[in-house]
Amino acid sequence: AKVDPDVLTIMANSRQQLEDSGLHQAALGPGEKMTDFVLRDSANTDFSSREALKSGPLLLCWYRGIW
C-alpha cells in the first residue's frame, strides 16, 4: 500500500515481459546443478564457485543494482 503505483506498474510490466520471453523456462530449478564458474566481486577479486563449495553449500542471489 505504500509503494508508488507507477513503480508497481513498472514491476508488473517487467515481470510480464520476462514471462512472455520464455527465458524463465530455461532457468535452473531448486536442486539442479550448474557448471563451475568464476566471477569478479566488488573488491575486484575472483570468486570461484568450486572453491566456495569446499566450505559447504552455495546459495546464489542476483539483484538489480540501479532501477
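Just above, that's the structure.
Predicted, not measured: the structure shown is a model, and the values here were computed from it.

### Observations concerning the overall build of the protein chain
The number of helices and strands found in the protein chain is two helices and two strands. Taken against the 2.2 N^0.38 rule, which gives 11 Å for 67 residues, the C-alpha radius of gyration of the protein chain at 17 Å runs more than 25% over that of a compact globule. Overall size of the protein chain, expressed as C-alpha extent along the three principal axes, is 45 × 30 × 20 Å. Taking all 67 residues of the protein chain together, the buried fraction comes to 3%. Carbon and sulfur atoms make up 57% of the accessible area of the protein chain, which totals about 6,600 Å². Computing the positive centroid from 7 side-chain charges and the negative centroid from 9, the protein chain places the two 6 Å apart.

### With respect to unusual backbone geometry
For Asn-44, which is not glycine, the phi torsion reads 65° and is therefore positive. Structurally, Asn-44 is set in the loop between β1 (38–40) and β2 (46–48).

### Comments concerning the packing of aromatic side chains
What characterises a pair of aromatic rings is the spacing of the ring centres plus the angle enclosed by the ring planes. Scanning the model with the defined rule gives one aromatic pair in all. Between Phe-37 and Phe-47, the aromatic rings sit 6.3 Å apart at their centres with planes inclined by 40°, giving tilted as the arrangement. Placement of the pair is Phe-37 in the loop between α1 (5–21) and β1 and Phe-47 in strand β2, with a sequence separation of ten residues. Residue classification places Phe-37 among the buried positions, given a relative accessible area of 17%. Under the relative-accessibility criterion, Phe-47 is labelled partly exposed at 31%.

### Some details on the pattern of salt bridges
Considering all chains together, one arrives at four salt bridges under this definition. With its nearest N and O atoms 2.9 Å apart, the salt bridge here joins Arg-15 to Glu-19. Here Arg-15 and its partner Glu-19 are both found in helix α1, four residues apart, which amounts to about one turn of the helix. Between Lys-54 and Glu-51 there is a salt bridge, with its nearest N and O atoms 3.0 Å apart.

What counts, and at which threshold
Residues numbered from 1 in each chain as written. Predicted model: local features only at pLDDT ≥ 70, side-chain atom pairs only at ≥ 80, totals over all residues. Heavy atoms only, no water. Helix = DSSP H or I, 4+ residues; strand = E, 2+ residues; numbered from the N terminus. Rg over C-alpha atoms; globule rule 2.2 N^0.38 Å. Buried < 20%, exposed > 50% of the residue type's maximum accessible area, 1.4 Å probe, protein only. Areas by Shrake-Rupley, 256 points an atom, 1.4 Å probe, with all protein chains shown as cover. Lys, Arg positive; Asp, Glu negative; His and termini not counted. Charge placed at Lys NZ, Arg CZ, Asp CG, Glu CD. Phe/Tyr/Trp six-rings, centres within 6.5 Å; stacked < 30°, edge-to-face > 60°. Salt bridge = Lys/Arg side-chain N within 4 Å of Asp/Glu carboxyl O.

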